[in-house]
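A structural walkthrough
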Amino acid sequence: MEMNIYFAGGCFWGTEHYVSQFEGVIKTEVGYANGNIPDPTYIQVYTDKTGYAECVKVVYDAEVITLATLCRLFFRSIDPLSLNRQGEDVGTRYRTGIYWDDEKDRSVVESVFGELQSKFDRPLALEICPLDCFYTAEEYHQKYLVKNPDGYCHLSLETLRFAKMYSEVTESLRSCSDEEKKTVLPRFFKTGKGEYGEGDMFMGVTVPEVRRVAKRFRNCSFDLLEALLESEWHECRLCALLILREKYAKSPDEAVTFYLTHTDGINNWDLVDLSAPYILGIYLLEREDRQVLYELADSSVLWERRIAIVATLMLIRNDQFNDTLQLAQILIDSKHDLMQKAVGWMLREVGKKDESFLLEFLDRYCMIMPRTMLRYSIEKLSSDLRETYMKGLSRYR
């Protein structure tokens, strides 16, 4: 489904070149937006007396890249606090803005704008409003940096490389898409209205394929990981987390800090389970201070609570059970079945390493444990013990 959005990001040569690289962008056209004279020329706009902003019309496939993602990526190319200036280009024609020609887009733009504003303590110098008018610029401005590869660009090479690599990652993932899985995975991960995965989007790529893509791009920047974690596409977020696991080996402190400050993107059970033990869990293995687990366990966010308990899998594998048992006690009243399953799973893992610790826990708490949690925790016990605990009885009844 083709949609339009208009980005003013300083000199339109660089903005067009940046935006056109993203997968899902069908075509771009540079021009002049929201001024006060008809059919302006570049020379007129350059005077800063026409009210126009240099702007890029972006035509995109909304089934490949969403408007929210496009806006977030656009924000990465601008200084949102700079008024009427981007790079060395100064003037009202170089102001930043997002303009829509479909009123349905207003809520999306305003929402993403709000996300960005929350990161700063002063107002953004970025206008968002409906498109009043747009006039196509002269032909020599179109695809200027394609025609003139060594031409002027206010954007850094690093910014342009970011756009290129982001597109390479998403295209690599989509090339592995399977139509059947594209249909099955949204149901499996409960993406319907009111379900735990509401709004999650799937390309239909298997975990082994995502691992292969992650391995290929394991040396990418943390900025790229952040952008992937902001994606609505589940596989993009999974790919980012698998890359982060690779980065942990070289930069554990940076990887864990990044992980804990980007939990918004770790928002389904497989994303938690494939990352928490191998980033946070392994990090805490040799550290006495594990307060972060208890802070996460106290969170109002389901996925952060799951991170807390699942991260202890790495501790369990190294015969450290105390944090798992304490967290299980804290989370014992969990109402959500995904938390009940996670706690039960970790208790079962404790039992596989040393059954006595699990049995002691069950003797104390089996009568108040949710049934799902209890069933998951006793799965590997003998049939007699399973029967006893399912009746809410201890071994010493």
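Since this is a predicted model, take the numbers as computed values, not measurements.

So, helix α7 (residues 179-188)
The distance from a side-chain oxygen at the start of α7 to the backbone nitrogen of Glu 180 is 3.0 Å, and the residue carrying that oxygen is Asp 178. Looking at the residues trailing α7, positive phi occurs at Lys 190, about 55 degrees.

Concerning the environment of Tyr 32
Structurally, the position occupied by Tyr 32 is in strand β2 (residues 25-33). Residue Tyr 32 is classed as buried on the basis of its relative accessible area of 0%. Taking C-alpha positions, Tyr 32 is 7.9 Å from Val 45, a pair spaced 13 residues apart along the chain.

Considerations on empty space enclosed by the protein
Counting across every chain of the model gives 3 cavities of 30 Å³ or more. Along the walls of the largest cavity sit 15 residues, with Val 64, Ile 65, Tyr 166, Thr 170 and Trp 233 positioned nearest its centre. With 4 residues, the single largest contributor to the lining of the largest cavity is helix α6 (residues 157-174). For the lining of the largest cavity, the class distribution of residues is 7 nonpolar, 5 polar and 3 charged. Size it by volume and the second largest cavity reaches roughly 40 Å³. Together, Thr 69, Arg 72, Leu 73, Arg 76, Tyr 166, Ala 227, Glu 230 and Ser 231 line the second largest cavity.

Digging into the pattern of salt bridges
Opposite charge on two side chains makes pairing possible when the charged atoms of those side chains draw close. In the structure shown here, the tally under the stated rule is 25 salt bridges. Residue Lys 119 is joined to Glu 230 by a salt bridge in which the shortest nitrogen-to-oxygen separation is 3.9 Å. Note that Lys 119 is positioned in the loop between α4 (106-117) and β7 (126-130) and Glu 230 in the loop between α9 (222-229) and α10 (234-248), a separation of 111 residues in sequence. Under the relative-accessibility criterion, Glu 230 is labelled partly exposed at 24%. Overlapping salt bridges, with partners in common, bring together Arg 76, Lys 119, Glu 226 and Glu 230 in one network.

Examining the pairing of β2
In terms of strand pairing, β2 meets strand β3 (residues 53-61) through 8 bridges, oriented antiparallel. Residue pairing for β3: Val 30 is matched across the bridge by Val 56.

Criteria and thresholds
- Residues numbered from 1 in each chain as written.
- Predicted model: local features only at pLDDT ≥ 70, side-chain atom pairs only at ≥ 80, totals over all residues.
- Heavy atoms only, no water.
- Polar contact = N/O pair within 3.5 Å; in protein donor to acceptor, adjacent residues only side chain to side chain.
- Helix = DSSP H or I, 4+ residues; strand = E, 2+ residues; numbered from the N terminus.
- Buried < 20%, exposed > 50% of the residue type's maximum accessible area, 1.4 Å probe, protein only.
- 1 Å grid on protein atoms, 1.4 Å probe; cavity = no way out; pocket = protein on both sides within 12 Å on 5 of 7 lines; lining within 4 Å.
- Points joined across faces, edges and corners; volume = space filled by probe spheres on them.
- Nonpolar A, V, L, I, M, F, W, Y, C, P; charged D, E, K, R; others polar.
- Salt bridge = Lys/Arg side-chain N within 4 Å of Asp/Glu carboxyl O.
- Pairing = 2+ DSSP bridges.

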